Amino acid sequence: MAAKTNSSGDRKARIEAMRRAERSRERRTRILTIGASVLIVAGLVVGGTVLIRSQSDDSGSVASDSKSTGKWKTGSDGVRTWSTKLTQNHVTKSVKYPMEPPVGGDHNPVWQNCNGDVYDKAIKNENAVHSLEHGAVWVSYNSKASEADVKALAEKVKKTPYTLMSPVEDQKDPIMLSAWGHQRTVTGAKDPNVDKFFETYVQGEQTPEPGAACTNGVS
C-alpha cells in the first residue's frame, strides 16, 4: 500500500512540475507572439497568395500514414503495443491511420486540449494524436458503453491533467484507453486496469514530448 501511495504521489508531483513548466512556456509564448506579430503580418502579405493556393491544393485530400505500418503486440497485462516506431510529422491533411483510435503517427500541428477535457462529440484523430505525443491518455467509448461507465470515467478524466475523453463510434470495443504507441480495452469504469493504465501512461516513459502543453490547443 505504501508503494502504491508513493507511486501516486510521485506521479502527481511529476504532473504538477509539468504544469508549472507549461505555464512558464505559455508566458514566454505570449511575449514572443506580441514581438513577432509585425513579422507575421508582413509574411502573410508577401506569401498570402502562395499559402492560399497550397491550402486549396490540400483540400479534401488524405495522407496515408504508410510509414507507421506495423501490428499490435499484446503483453501479459493486456496492453497492446504498436510494433514499429510511429512517425511524428506535422501535416494539415487528414490522416488514414492503421488503427482506431490511433495511437500515433503523423498529426495536425495543433493538439486537442487534454487538461482533463471531456468532449461529448467526436474529435479529430489528427488533433488527438498530437495530445498523445504530449503524454496524454485518451479515453474513448462508443454507443455500446453504459451511461454509468461513461459518466464515471468522465469524472475521473476531469480530475486528471494530461487526459482527454471523447466518443469514437468506429472503435471495436465499448471502452478503450490509448497512449502514444499503447492501447487497451477495459470492461468499465471500475475495471482496475483503468487506474493502472493512467498510472503508467499519463506523462509516462512512452511520451515523445514530455511536459509539452495540453492547453491552448483545440477545444
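For the structure, check the block above.
Residues numbered from 1 in each chain as written. Predicted model: local features only at pLDDT ≥ 70, side-chain atom pairs only at ≥ 80, totals over all residues. Heavy atoms only, no water.

When you look at helix H2 (residues 125-133) in this model, what are you seeing that I'm missing?
Note that an α-helix has 3.6 residues per turn; residues three or four places apart therefore point the same way. Most of H2 is tucked away, with nine of its nine residues classed as buried. Phi turns positive one or two residues past the end of H2, at Gly-135, with a value near 100°. (Buried < 20%, exposed > 50% of the residue type's maximum accessible area, 1.4 Å probe, protein only. Helix = DSSP H or I, 4+ residues; strand = E, 2+ residues; numbered from the N terminus.)

Whenever I open this one, the pairing of strand S8 (residues 175-179) confuses me. Can you help?
Within a regular strand, the side chains alternate between the two sheet faces. Across the five residues that make up S8, a large majority, five, are buried. By the alternation rule, side chains of S8 split into Ile-175, Leu-177 and Ala-179 and Met-176 and Ser-178, which are all buried. Pairing analysis gives four bridges linking strand S6 (residues 137-141) to S8, with the strands arranged antiparallel. Bridge pairing links Val-139 to Leu-177 in S8. Relative to strand S9 (residues 182-185), S8 is paired through four bridges, and the arrangement is antiparallel. Directly across from Met-176, in S9, lies its bridge partner Thr-185. Connecting the antiparallel pair S8 and S9 is a turn made up of two residues, with Gly-181 showing a positive phi of about 80°. (Pairing = 2+ DSSP bridges.)

On their own, these measurements won't tell you what the molecule is for.
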